[in-house]
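Structure assessment
Here is how the chains run, residue by residue.
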Amino acid sequence: MNDIALEIEPDVAATLFGDRIDLARQFTADLARRGEELGLIGPLELPRLWTRHILNSVLVAPLLSPGVVGDIGSGAGLPGIVLAIARPDVSFILIEPMERRVDWLTSEAASLGLTNVTVIRARAEETKLDWPLDQVTARAVSALSTLIPLTAPLVKAGGEMLFMKGARVEDEITAAAKAIRKARLSEIEVLVLGEGVVPEVTRVFRATVD
Ligand SMILES: C[S@@+](CC[C@H](N)C(=O)[O-])C[C@H]1O[C@@H](n2cnc3c(N)ncnc32)[C@H](O)[C@@H]1O
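Everything numeric in this text was worked out from a predicted model, so none of it was measured.

Considerations on the overall build of the chain
The helix and strand inventory of the chain stands at 9 helices and 7 strands. Relative to the compact-globule value of 17 Å for 210 residues, the chain shows a C-alpha radius of gyration of 16 Å, a close match. Seen along its three principal axes, the alpha-carbon backbone of the chain occupies a region of about 50 × 35 × 30 Å. Long-range contacts, defined as pairs at least 24 residues apart, comprise 67% of the intrachain contacts of the chain with a sequence gap of at least 6.

Below is the structure:
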């Protein structure tokens, strides 16, 4: 199982993770070993853990600024744990309602020695934070029309939303016009990351909360 998980383009992963590559390998191996049994990933995802999930997530790392980032619906730790590995200078709050996933995230953060991670068991809409987030991330949680109202109250004025999205992101933006207006989002753009570097590009919806 670990052999499958470690099947990667070594140069690409090492460039993206730098001196944190061993932690990324450890996390990927843990996910390959236990992810299916814990219901975190489907069996078809095992051969493409690196290409579709880990590399796809770490591409967001350069968009983060030092501060506090909330990852909504972290699930297996995507992108939250991957980003916490790549950016030890940033604090992460992983917000996830399912107990089994919270247990996984908590034990992985501990075994990887990620002192920049806090895990909260809650739904985004019921989360109470002591201070608002500088940036919020999410991957595969819900469509923008739902995700924007769930997360906007958690982000400080001038903070950012960074949502990993699929190829139909432009359609989602159109469908979310009302939510975008209501949350007073500006500087909306779609970034396509990793072209020519990784097998599957990452699309990120980026917006500023006014
Ligand atoms: C399809 S999984 C994706 C998990 C992970 N982000 C990934 O890309 O593999 C969606 C996750 O969002 C969580 N979730 C669903 N609704 C949520 C909400 N309202 N607030 C926070 N998390 C939520 C689920 O429990 C689940 O772990």
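That shown, we press on.
A few points about helix 6 (residues 99-111)
In this model helix 6 runs 18 Å from its N-terminal to its C-terminal C-alpha over 13 residues, within 8% of the 18 Å that 1.5 Å per residue would give. Within the span of helix 6, buried status applies to R101, W104, L105, E108 and A109. Considered in projection along helix 6, the buried side chains sweep an arc of 125° and stay on one side of the axis. Those residues of helix 6 that are exposed and aimed more than 90 degrees away from the buried face are E99, R100, A110 and S111. For helix 6, the secondary structure elements touched by its buried residues are helix 3 (21-34), helix 5 (80-86), strand 2 (91-96) and strand 3 (117-121). Positive backbone phi, at 70°, marks G113, one or two positions downstream of helix 6.

Some thoughts on the sheet that holds strand 6 (residues 185-193)
One open sheet holds the 7 strands; their spatial order is 3-2-1-4-5-7-6, and the pairing between them is mixed. Here the strands that pair on one side only, and so sit at the sheet edges, are strand 3 and strand 6. Taken pair by pair, the neighbouring strands of this sheet meet at an average axis angle of 20°, ignoring direction. Direction of pairing for strand 4 (residues 133-139) relative to strand 5 (residues 155-165): parallel, over a ladder of 6 bridges. Directly across from L133, in strand 5, lies its bridge partner V155. Contacts between helix 6 and the sheet are confined to strand 2 and strand 3, with strand 3 contributing the most and set at about 165° to the helix. Contacts from helix 7 (residues 144-151) reach strand 1 (68-72), strand 4, strand 5 and strand 7 (202-209) within the one sheet, and its direction differs from that of strand 5 by about 150°.

Regarding unusual backbone geometry
Omega for the bond connecting L78 with P79 falls within 30 degrees of zero, at 0°, which places this linkage in the cis form. Structurally, the position occupied by P79 is in the loop between strand 1 and helix 5. Here A140, not a glycine, exhibits a phi torsion of approximately 55°, which is positive. Relative to the helices and strands, A140 resides in the loop between strand 4 and helix 7. Phi is positive for R184, close to 55°, though the residue is something other than glycine. Mapped onto the secondary structure, R184 falls in the loop between helix 9 (177-182) and strand 6. Classification of R184 by C-beta neighbours within 10 Å gives exposed; the count is 12.

Quick look at the environment of S142
Relative to the helices and strands, S142 is located in the loop between strand 4 and helix 7. Its 16 C-beta neighbours within 10 Å are what place S142 among the partly exposed residues. The sequence separation of S142 and F163 amounts to 21 residues, and the corresponding C-alpha distance is 10.0 Å.

Things to note about the environment of L144
For L144, the location among the structural elements is in helix 7. Of the residues examined, L144 has 24 C-beta atoms within 10 Å and is grouped as buried. Residues L144 and E172, spaced 28 residues apart in sequence, show a C-alpha to C-alpha distance of 6.0 Å.

Thoughts on the UniProt feature "binding site: S-adenosyl-L-methionine" (unreviewed entry) in the chain
UniProt's feature table lists "binding site: S-adenosyl-L-methionine" (unreviewed entry) at G73, L78, A124, E125 and R139, given in the numbering used throughout. Checked against the element boundaries, A124 lands in the loop between strand 3 and strand 4. With near-sequence residues (within four places) excluded, A124 lies in contact with I72, I95, L150, T151 and L154. By secondary structure assignment, the location of R139 is in strand 4.

Scoring rules and cut-offs
- Per chain, the residues get numbers from 1 upward, laid out in the order the sequence is written.
- In view of the model being predicted, local features appear only for residues whose pLDDT reaches at least 70, and side-chain atom pairs are presented and counted only at 80 or more, with totals across whole chains, interfaces and linings using the full set of residues.
- Strands are runs of DSSP state E lasting at least two residues, helices are runs of H or I lasting at least four, and both sets are numbered from the N terminus onward.
- Between the two quantities, the radius of gyration covers C-alpha atoms and the globule rule is 2.2 Å times the number of residues to the power 0.38.
- By definition, residues are in contact whenever their C-beta atoms, placed on the basis of the backbone, come within 7 Å of each other.
- Expected helix span is taken as 1.5 Å per residue step, with the number of steps being one fewer than the number of residues.
- Buried means a residue has 20 or more other C-beta atoms within 10 Å of its own C-beta, exposed means 12 or fewer, and partly exposed covers the counts in between; C-beta atoms are placed from the backbone.
- The directions considered for the arc run from the helix axis to the C-beta atoms.
- For two strands to pair, DSSP has to find at least two bridges joining them.
- Angles here are taken between N-to-C directions and fall from 0 to 180 degrees, while the axes themselves are lines fitted to C-alpha atoms, restricted in helices to the stretch in contact.
- UniProt positions are given in the numbering used here, feature names are shortened, and annotations may be inferred rather than shown by experiment.

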